[in-house]
Amino acid sequence: MKLKNTVVVTLVLFLFMSCATNPFTGKKTLAFVSNDQLFPTAFAQYNQVLTESKVEAGTARADMINRVGQRIAVAAERWLNANGKQGYLNDYRWEYKLIVEDVVNAWCMPGGKIVFYTGILPVAENETAIAAIMGHEVAHALANHGQQRMSAGMLQQGLAVAGNLAIQDEKSRNAFNQYYGVGSNVLGMLPFSRSHETEADVIGLYLTAIAGYNPDEAANLWRRMAQASGGAAPPEFLSTHPANQTRIDNLTALAPTAKAEAKKFGVTSFRPLGKY
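Think of each chain on its own: its residues are numbered from 1, step by step along the sequence as written. It should be noted that, the model being predicted, local features are given only for residues of pLDDT at least 70 and side-chain atom pairs only at 80 or more, the latter also being counted only at that level, while totals for whole chains, interfaces and linings use all residues. Computation of side-chain values: all heavy atoms of the structure, hydrogens and water removed.

*Asks:* Help me understand the overall build of the chain, please; the structure alone is not making it clear to me.
*Replies:* Each helix is a run of DSSP H or I of at least 4 residues and each strand a run of E of at least 2, with the numbering of both proceeding from the N terminus. Looking only at helices and strands, one finds nine helices and six strands in the chain. Pairs at least 24 apart in sequence give 73% of the contacts found in the chain among residues at least 6 apart. The method behind every accessible area is Shrake-Rupley, applied with a 1.4 Å probe, and residues are considered shielded solely by the protein chains displayed. For the chain, the computed accessible surface area is about 14000 Å², with 57% contributed by carbon and sulfur atoms. Contact between two residues is taken to exist if any of their heavy atoms lie within 4.5 Å; hydrogens are not considered.

*Asks:* Even after reading the chapter, I still don't get the pairing of strand β5 (residues 106-109), so can you show me in this structure?
*Replies:* Regular strands have side chains that alternate between both faces of the sheet. With a 1.4 Å probe rolled over the protein chains alone, any residue whose accessible area is under 20% of its type maximum counts as buried; one over 50% counts as exposed, and the rest are partly exposed. A two-sided burial pattern is seen for β5, the buried positions comprising Ala106 and Cys108 on one face and Trp107 and Met109 on the other. Any two strands are treated as partners once DSSP identifies two or more bridges connecting them. Of the strand pairs in this sheet, β5 and strand β6 (residues 113-117) are connected by four bridges, and their pairing is antiparallel. Bridging across to β6, Cys108 finds its partner in Ile114. Remark: three residues form the turn of the hairpin made by β5 and β6, two consecutive strands paired antiparallel; Gly111 in that turn has positive phi of roughly 95 degrees.

*Asks:* Looking at this structure, how should I read the nonpolar core?
*Replies:* Where a protein is soluble and globular, its nonpolar side chains tend to be buried together. By size, the foremost hydrophobic cluster in this structure holds 59 residues, and its most contacted members are Ile65, Val68, Phe116, Ile130, Ile133, Met134 and Leu142. Excluding anything up to four places from it in sequence, Ile133 contacts Ala106, Phe116, Ile120, Ala124, Leu221 and Met225. Of all hydrophobic cores here, the second largest spans eight residues; its members include Tyr46, Trp107, Val115 and Tyr117. Definition of nonpolar core: a set of buried residues of the types Ala, Val, Leu, Ile, Met, Phe, Trp, Tyr and Cys, connected through side-chain atoms within 4.5 Å.

*Asks:* How should helix α9 (residues 244-263) be read in this particular structure?
*Replies:* One turn of an α-helix holds 3.6 residues; hence residues three or four places apart share an orientation. With 20 residues, α9 extends 28 Å between its outermost C-alpha atoms, agreeing within 8% with the 28 Å of an ideal straight helix rising 1.5 Å per residue. Among the residues of α9, Arg247, Ile248, Leu251, Leu254, Ala255, Ala258, Glu261 and Ala262 are the ones counted as buried. Here the expected length of a helix is defined as 1.5 Å per residue gap, with one fewer gap than residues.

*Asks:* I'm lost on the pattern of salt bridges in this one. Help?
*Replies:* Any two side chains of opposite charge can pair, so long as their charged atoms come close to each other. The salt bridge definition used is simple: a Lys or Arg side-chain nitrogen within 4 Å of an Asp or Glu carboxyl oxygen. Counted according to the given criterion, the structure contains eleven salt bridges. Close ionic contact of Glu95 with Lys97 constitutes a salt bridge, the shortest N to O distance being 4.0 Å. A residue is classified by how much of its surface remains accessible, and Lys97, at 28% relative accessible area, is partly exposed. For the salt bridge of Lys113 with Glu95, the shortest nitrogen-to-oxygen distance reads 2.8 Å. Of the two residues, Lys113 is situated in strand β6 and Glu95 in strand β4 (residues 95-99); the sequence distance between them amounts to 18 residues. For Lys113, a relative accessible area of 9% corresponds to the buried category. Linked through salt bridges whose partners overlap, the residues forming this network are Arg67, Arg71 and Glu127.

*Asks:* Honestly, the pairing of β4 in this entry has me stumped. Any pointers?
*Replies:* Across two bridges, strand β3 (residues 55-56) lies against β4 in antiparallel orientation. Within the sheet, the bridge partner assigned to Glu56 lies in β4 and is Leu98. Where β4 and β6 come together, five bridges link them in parallel fashion. From the neighbouring strand, Ile99 faces β6, where its bridge partner is Tyr117.

*Asks:* Sorry if this is basic, but what is going on with the sheet that holds β4 here?
*Replies:* Sheets are built from strands paired through backbone hydrogen bonds, the pairs being either parallel or antiparallel. Within the open sheet, the four strands sit side by side as β3-β4-β6-β5. Their pairing is mixed. Lying at the two open borders of the sheet, with one neighbouring strand each, are β3 and β5. Contacting β3, β4 and β6, helix α3 (residues 60-82) crosses the sheet at an angle of about 150 degrees to β4. Geometry is summarised by axes, namely lines fitted to C-alpha atoms with helices restricted to the contacting stretch, and by angles between N-to-C directions that run from 0 to 180 degrees. Against the sheet, helix α5 (residues 127-142) contacts β4, β5 and β6, and its axis sits at roughly 30 degrees relative to β5.

*Asks:* Explanation requested: the packing of aromatic side chains in the structure shown.
*Replies:* When the centres of two rings from Phe, Tyr and Trp lie within 6.5 Å, Trp using its six-membered ring, the rings pair. Their planes under 30 degrees apart give stacked, over 60 give edge-to-face, and anything left gives tilted. Under the defined criterion, the tally for this structure stands at five aromatic pairs. Consider the rings of Phe39 and Tyr92, whose centres lie 5.3 Å apart with planes at 75 degrees: the pair is edge-to-face. Linking Phe39 in helix α2 (residues 35-51) with Tyr92 in the loop between α3 and β4, this pair joins segments that are 53 residues apart in sequence. Ring pairing ties together the aromatic residues Phe39, Phe43, Tyr88, Tyr92 and Trp94, which thus form one cluster. Its guanidinium or amino end placed over the ring of Phe43, Lys113 lies 5.0 Å from that ring's centre, counting from NZ or CZ. Only Lys NZ and Arg CZ are tested; either one counts as a charge over a ring when it is within 6 Å of the ring centre and within 35 degrees of the ring normal. Residue placement shows Arg271 over the ring face of Tyr213; its charged tip is 5.1 Å from the ring centre.

Written out as structure tokens, the structure is:
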């Protein structure tokens, strides 16, 4: 009993002491791993990806990825500075690379290291859609979603250990492990991931608009994404991402708010779509 109590108290203290604040929402978030630890690891992984990939450079589309990335980074800094978060990006090391691979994907590592794959360009169709993707991926990094996912995984594992220590009966312990694995994913980790995607959609759309790109195009992008996927997707409650139609509806409803936010920064008109 003493061991079980110690484990519970340790977990509670760990949770209480391991929190950060989301600069965009003001909410407390899990932060078992600090960015001081996370960023160097992310930078090393990024460099490893680049050494193992065919990086396109010096072309019009590679230049576009870099141009859009820089504009989104400037928009992020403007927004953060205007909202009392000066210096938030001091440890970020922005980098934008285009990898030649037929993959419909893009990502941003903690600390601002970004990759687009050439396979996503035909679906994007234009520079404005690239900005919407860039804004979304950068938002994940700015909101420390990687840090939170890692922390949530550690918490999930910690609770599993605590459960195994607390349950003495082997049959009950086996049942706990079986149901906890499924339950903690479907009821915990998957909704947690979907909430990150929705949050990144919101933050990303603001950044897209502040950078001078029309936020209306984000919903059109996801219509093309849905078409490209051929409707192949698990039910939303079993997915790490919201359903395509959910995203389309959310982005459509949010676009006027993003335009109003951009107007605070003097952005009253938007760049042409910039087809390529």
